[in-house]
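Structure assessment
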Amino acid sequence: MDEMQAFEAHRPHLRAVATRILGSRAEADDALQEAWIRVDGADTSEVDNIGGWLTTVVSRVCLSMLDARKRRREEALEAGRLPDPIITRADDAAPDPEDEAMAADAVGAALLVVLETLQPAERLAFVLHDVFAVPFEDIATIVDRSPDAARQLASRARRRVRGADRDTPGADRQVVDAFLAAGRDGDFEALLRVLDPNVVLRADEGGGALQIVEGARAVATRARFGGIGRAAHPVLVDGAPGFVATEAGVPVAVLAFTVGDGRITAIDAFADPARLADLHLEALVAS
């Protein structure tokens, strides 16, 4: 079997690995394309486990992409802007029919939010070991650490994931919907009930400076008088519940929410018209 045949034979598994590590099917496809460039023409005559070898190649590509994503996020925040979001329909959390083979390995939208808080090496070690049962000896070669260090990476990630005590995506959506309803009604006390006392709102309205509002009362005040009554269309923003606000059918803002222990702990608001235009939101809000 040549490299092309081997790659195609293992593509469903490789795509599942990349999707679970990166949390994005589009980025997973990019990772597989880059992995194929690395694999094409490689000498595999001494490779005993071609599937494991291909998984290692794809995982290394994903690790590089996670590192680059982390740097872009840091650079974006330093430049006074929120990093570009990945926005999908709210019902896209369910696998497409052609992806049913991946469903057993699925990482839910709520877990993806927790994974975003991990360091790239922690995230990769956790997903490869806990989701795909890759041995720590193999993970160690990907993250350039010893097997014991790779085990510690996964252990730290596991504690973070378990300690997050996240609700289901549906429960998170209920919290976001309660926030939206309270904002529409101008119900200040109801807003306070769904906001964590230390909630942070980061608003990117363009101009190179984020507007940051901290604390439940300050965020509730802004939500109460900040036009929350606009038409809202449920979406997933980086795998977490959010919505696109529209006026006369035109997208005017995207709000992304982080929910923990049944309360909103962070809100990212995108309202820069130029950035909204680049996100091509019209298809997501079409009735």
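These lines cover the structure that appears in this document, whether it is placed above or below. Here the structure is a predicted model, which is why all the values come from computation and not from measurement. (Residues numbered from 1 in each chain as written. Predicted model: local features only at pLDDT ≥ 70, side-chain atom pairs only at ≥ 80, totals over all residues. Heavy atoms only, no water.)

**Things to note about the sheet that holds strand β1 (residues 87–89)**
What the 7 strands build is an open sheet, ordered β1-β4-β5-β6-β7-β2-β3; its pairing is mixed. With partners counted over all chains shown, the strands left at the sheet margins are β1 and β3 (211–214), one partner each. Put simply, the sheet's adjacent strands are angled 30 degrees from each other on average, direction ignored. Bridge count between β1 and strand β4 (residues 231–237): 3 bridges; the pairing is antiparallel. Counted as the bridge partner of Arg89 is Val235 from β4. (Pairing = 2+ DSSP bridges. Helix = DSSP H or I, 4+ residues; strand = E, 2+ residues; numbered from the N terminus. Axes fitted to C-alpha atoms, helices over the stretch in contact; angles between N-to-C directions.)

**Focus on the nonpolar core**
Counting residues in hydrophobic clusters, the biggest one holds 42 residues, and the most contacted among them are Ile21, Leu124, Leu128 and Ile139. Residue assignment for this core shows that the elements contributing at least two residues are α1 (3–22), α2 (25–39), α3 (50–78), α4 (109–115), α5 (120–131), α6 (136–143) and α7 (147–164). Those residues in contact with Ile139 that sit more than four places away from it in its chain are Leu124, Ala125, Leu128, His129, Val134 and Ala150. With 29 residues, the next largest nonpolar core counts Ala182, Val219, Phe243 and Phe257 among its residues. (Core = buried A, V, L, I, M, F, W, Y, C linked by side-chain atoms within 4.5 Å. Buried < 20%, exposed > 50% of the residue type's maximum accessible area, 1.4 Å probe, protein only. Contact = heavy atoms within 4.5 Å.)

**Some points on the packing of aromatic side chains**
Summed over the entire model, instances satisfying the criterion amount to 3 aromatic pairs. Ring centres of Phe179 and Phe257 lie 5.3 Å apart, and the angle between their planes is 65 degrees; this geometry places the pair in the edge-to-face category. On the criterion of sequence distance, the pair formed by Phe179 in helix α8 (residues 169–185) and Phe257 in strand β6 (residues 250–260) is long-range, its members being 78 residues apart. Residue classification places Phe179 among the buried residues on the basis of a relative accessible area of 2%. A network of ring pairs unites the aromatic residues Phe179, Phe243 and Phe257 as a single cluster. (Phe/Tyr/Trp six-rings, centres within 6.5 Å; stacked < 30°, edge-to-face > 60°.)

None of the figures reported here should be taken as evidence of function without further support.
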